[in-house]
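# Coordinates in review
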Amino acid sequence: MKDIVRQKIGINVDIMDMLNEQISKEAHSSAAYLAMASWCDHNGLTGSASFFYKQSLEEREHMMKIFKFINDNGGTAYSPEVSNILHDFNSLQEIFETALDQEIAITKSINNIVAKCRKVQDFASEQFLHWFINEQMEEENQFRRILEMFELMGTDGIALKLLDERISHNG
């Protein structure tokens, strides 16, 4: 019976599997941003903490958007397990560098799914993923701009507090 249902889904089975993997990646990003927010809170960087709490919620929303898309198209979305979350950082700059690397990895993953959609002619899934492509461009740009502030302002003394305040207005 399960094989018959899989034949009647509205998305390609390989794409569904890749999207389920993407759900796990989005959940991992959400949890990672939550850990980053906690580190910032613990270190008195409340602006950055607020920024990362918001980022965590956004990643969860991305996960849910994909989850719902799979189910709405007759597939089966799987609730992800999340592990291997880094909680210890040396600096705020390291956190933002880690976050940018994470966003770049997510972008590559989305692009790989889109390429597969084209290959298997799953145009509905490809169209769905266009929103994510645009979102990823915005996310990467945001983190790059913040990292530029580190380069311009430095991180010594009052500069770190000023950066933290600027970051809270950036998110």
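By convention here, each chain's residues receive numbers from 1 onward along its written sequence. Per-residue local features are limited, in this predicted model, to residues with pLDDT of at least 70; the limit for side-chain atom pairs, both in listing and counting, is 80 or more; totals at the level of whole chains, interfaces and linings are taken over all residues. Side-chain metrics rest on all non-hydrogen atoms present in the structure, leaving aside hydrogens and water.

What follows covers the environment of Ala-37. Numbering goes from the N terminus for both helices and strands, where a helix is a DSSP run of H or I of at least four residues and a strand is a run of E of at least two. Locating Ala-37 in the fold gives a position in helix H2 (residues 13–42). Along the backbone, Ala-37 and Phe-52 are 15 residues apart, and their C-alpha atoms lie at a distance of 4.9 Å.

UniProt's entry tags residues 9–154 with the feature "domain: Ferritin-like diiron" (unreviewed entry), counted in the numbering of this structure. Secondary structure content for residues 9–154 is 80% helix and 0% strand, while the C-alpha to C-alpha distance between its ends is 53 Å. UniProt positions are given in the numbering used here, feature names are shortened, and annotations may be inferred rather than shown by experiment.

Right, let's get into the packing of aromatic side chains. Working definition: rings of Phe, Tyr and Trp (its six-membered ring) pair if their centres are within 6.5 Å, and the pair is stacked with planes under 30 degrees apart, edge-to-face with planes over 60 apart, and tilted otherwise. All told, the structure shown has 13 aromatic pairs when counted by the stated rule. Ring plane angle 85° and centroid distance 6.4 Å describe the contact between Trp-39 and Phe-89, whose orientation is recorded as edge-to-face. Of this pair, Trp-39 sits in helix H2 while Phe-89 sits in the loop between helix H3 (46–72) and helix H4 (92–120); the two residues are 50 residues apart in sequence, bridging distant segments of the chain. Comparing Trp-39 with Phe-89 shows no difference in burial state: the two are buried. Ring centres 6.4 Å apart and planes at 25° place the aromatic pair Phe-52 and Phe-143 in the stacked group. One end of the pair, Phe-52, is in helix H3; the other, Phe-143, is in helix H5 (residues 123–153), with 91 residues separating them in the sequence. The exposure classification of Phe-52 matches that of Phe-143, with both residues buried. Pairwise contacts between aromatic rings join Tyr-33, Phe-51, Phe-52, Phe-96, Phe-143 and Phe-150 into one cluster. Only when the NZ of Lys or the CZ of Arg is both within 6 Å of the ring centre and within 35 degrees of the ring normal is a charge said to sit over the ring. The cationic tip of Lys-65 hangs over the ring face of Trp-131; the distance from NZ or CZ to the ring centre is 3.6 Å. Type-normalised accessible area, obtained with a 1.4 Å probe on protein chains alone, sets the label of each residue: buried when under 20%, exposed when over 50%, and partly exposed for intermediate values.

Two numbers describe how H3 lies on H5: the axes approach to 12 Å, and their chain directions differ by 170°. Between H3 and H5, the angle falls in the class roughly antiparallel. Counting all contacts with H3, which are made through Phe-51, Phe-52, Gln-55, Glu-58, Glu-59, His-62, Lys-65, Ile-66 and Phe-69, the residues of H5 involved are Ala-124, Ser-125, Phe-128, Trp-131, Phe-132, Glu-135, Glu-139, Gln-142, Phe-143 and Ile-146. Each residue gets one label: Ala, Val, Leu, Ile, Met, Phe, Trp, Tyr, Cys and Pro are nonpolar, Asp, Glu, Lys and Arg are charged, and the others, such as Gly, are polar. Its residues assigned to classes, the contact of H3 with H5 comprises ten nonpolar, four polar and five charged. The axes are straight lines fitted to the C-alpha atoms, using for helices just the contacting stretch, and the angles between their N-to-C directions are given from 0 to 180°. Should an angle fall under 35 degrees it is called roughly parallel, over 145 degrees roughly antiparallel, and 65 to 115 degrees roughly perpendicular, with every other angle called oblique. Two residues qualify as a contact provided that any one of their heavy atoms is within 4.5 Å of a heavy atom in the partner residue.

On to a nonpolar patch on the surface. In this analysis, a patch consists of residues with relative accessible area above 30% that form no salt bridge, clustered at 9 Å for like charges and at 5 Å for the nonpolar side chains Val, Leu, Ile, Met, Phe, Trp and Tyr. Throughout, the Shrake-Rupley method with a 1.4 Å probe supplies accessible areas, and for residues the shown protein chains are the sole cover considered. One speaks of a salt bridge when a side-chain nitrogen belonging to Lys or Arg is within 4 Å of a carboxyl oxygen belonging to Asp or Glu. Taken together, the side chains of Leu-152, Met-153, Ile-158 and Leu-162 make up a nonpolar region of the molecular surface, amounting to roughly 420 Å² of accessible area. Elements that contribute at least two residues to the nonpolar patch include exactly H5 and helix H6 (158–170). Mapped onto the elements of the fold, Ile-158 is located in helix H6.

With respect to the helices and strands, the residue Ser-48 is situated in helix H3. Leave out the neighbours within four places in its chain, and Ser-48 touches Cys-40, Leu-92, Phe-96, Asp-164 and Ile-167.

Summed over the entire model, instances satisfying the criterion amount to five salt bridges. A salt bridge links Glu-126 to Arg-118; the shortest N-O distance between them is 2.6 Å. A residue is classified by how much of its surface remains accessible, and Glu-126, at 11% relative accessible area, is buried. A relative accessible area of 52% means that Arg-118 is categorised as exposed.

Right, let's talk about the nonpolar core for a bit. Soluble globular proteins tend to bury their nonpolar side chains together. Ranked by size, the top nonpolar core spans 22 residues in total, and within it Cys-40, Phe-52, Leu-92, Phe-96, Phe-143, Phe-150 and Ile-167 carry the most contacts. If sequence neighbours within four positions are ignored, Phe-52 has contacts with Tyr-33, Met-36, Ala-37, Cys-40, Ile-95, Phe-96, Ala-99 and Phe-143. Take the buried Ala, Val, Leu, Ile, Met, Phe, Trp, Tyr and Cys residues and link them wherever side-chain atoms come within 4.5 Å; each set so joined is a nonpolar core. In this structure, Ile-15, Met-16, Leu-19 and Phe-132 belong to the second largest nonpolar core, which totals 20 residues.

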